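# Fold and geometry: a report
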Amino acid sequence: QALPRWAQQRRQIQGMIGVSYVVDAFVLLIYAHAGTIPAIIGPAYAACGLFSVASYIVLSETGFTERFKDHYFVAPQAIVSMAILLGFTWIAPEVGVIFLCTLFVVFNFSSLRSTPAQTAVVWTAMAFGLAGLFLLTDKPIAMPHGSYLERFATNRYQHHQPFFAIEPIELL
């Protein structure tokens, strides 16, 4: 039985999101190898992201998301992704700029499929999260560049982001 186009798109989008978490985790492992962050950060980030993706797939495949006007479940998914990114910015501020850049990519793509009201809710959640991160902690958010390996990891991250930024547009 053929799946509706939107069901195929949801699966493709979740696949790309999952791959993006894994690629980011690989970059985090390069930073760990450089001694910038603990080695557990990359696998923990991938586990959180992939759990989020798997949870959404279960909600989608069981028909739970069909009960809502937005069966793509964009706003809840964006807020969960933003919570993961803000959490890891707090946990690993040494590479926090990477998470913050991804945070804005998540917001931008979620706003493409959201209503103005949903976009306002997601923006507000992101603004409160960022305010808490910057105003209620003393974490120095950084982008490492002190060694060749750190610069290599930063370069890998910068080259992977545009790839994933282009693909979802084709699906929308």
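See the structure printed just above.
What comes next concerns the included structure.

Procedures and definitions
Residues numbered from 1 in each chain as written. Predicted model: local features only at pLDDT ≥ 70, side-chain atom pairs only at ≥ 80, totals over all residues. Heavy atoms only, no water. Axes fitted to C-alpha atoms, helices over the stretch in contact; angles between N-to-C directions. Helix = DSSP H or I, 4+ residues; strand = E, 2+ residues; numbered from the N terminus. Parallel < 35°, antiparallel > 145°, perpendicular 65-115°, else oblique. Contact = heavy atoms within 4.5 Å. Nonpolar A, V, L, I, M, F, W, Y, C, P; charged D, E, K, R; others polar. Buried < 20%, exposed > 50% of the residue type's maximum accessible area, 1.4 Å probe, protein only. Polar contact = N/O pair within 3.5 Å; in protein donor to acceptor, adjacent residues only side chain to side chain.

### So, the packing of helix 3 (residues 74-91) against helix 4 (residues 96-113)
It is at 9 Å that the axes of helix 3 and helix 4 come closest, and there the two elements cross at 175 degrees. Relative to helix 4, the element helix 3 is oriented roughly antiparallel. Judged by residue contacts, Val-74, Ala-78, Ser-81, Met-82, Leu-85, Leu-86, Phe-88 and Thr-89 of helix 3 engage Gly-96, Phe-99, Leu-100, Thr-102, Leu-103, Val-106, Phe-107, Ser-110 and Arg-113 from helix 4. In the contact of helix 3 with helix 4, the residues fall into 11 nonpolar, 5 polar and 1 charged.

### Re the environment of Thr-154
Looking at the secondary structure, you find Thr-154 in helix 6 (residues 148-171). The exposure class of Thr-154 is buried, given its relative accessible area of 10%. Considered as a pair, Thr-154 and Ile-98 are 56 residues apart in the sequence and their alpha carbons are 8.2 Å apart. Setting aside residues up to four positions removed in sequence, Thr-154 forms contacts with Tyr-31, Met-143 and Pro-144. A polar atom in the side chain of Thr-154 sits 2.5 Å from the side chain of Tyr-31.

Fair warning: the whole summary comes from geometry, so function is off the table for now.
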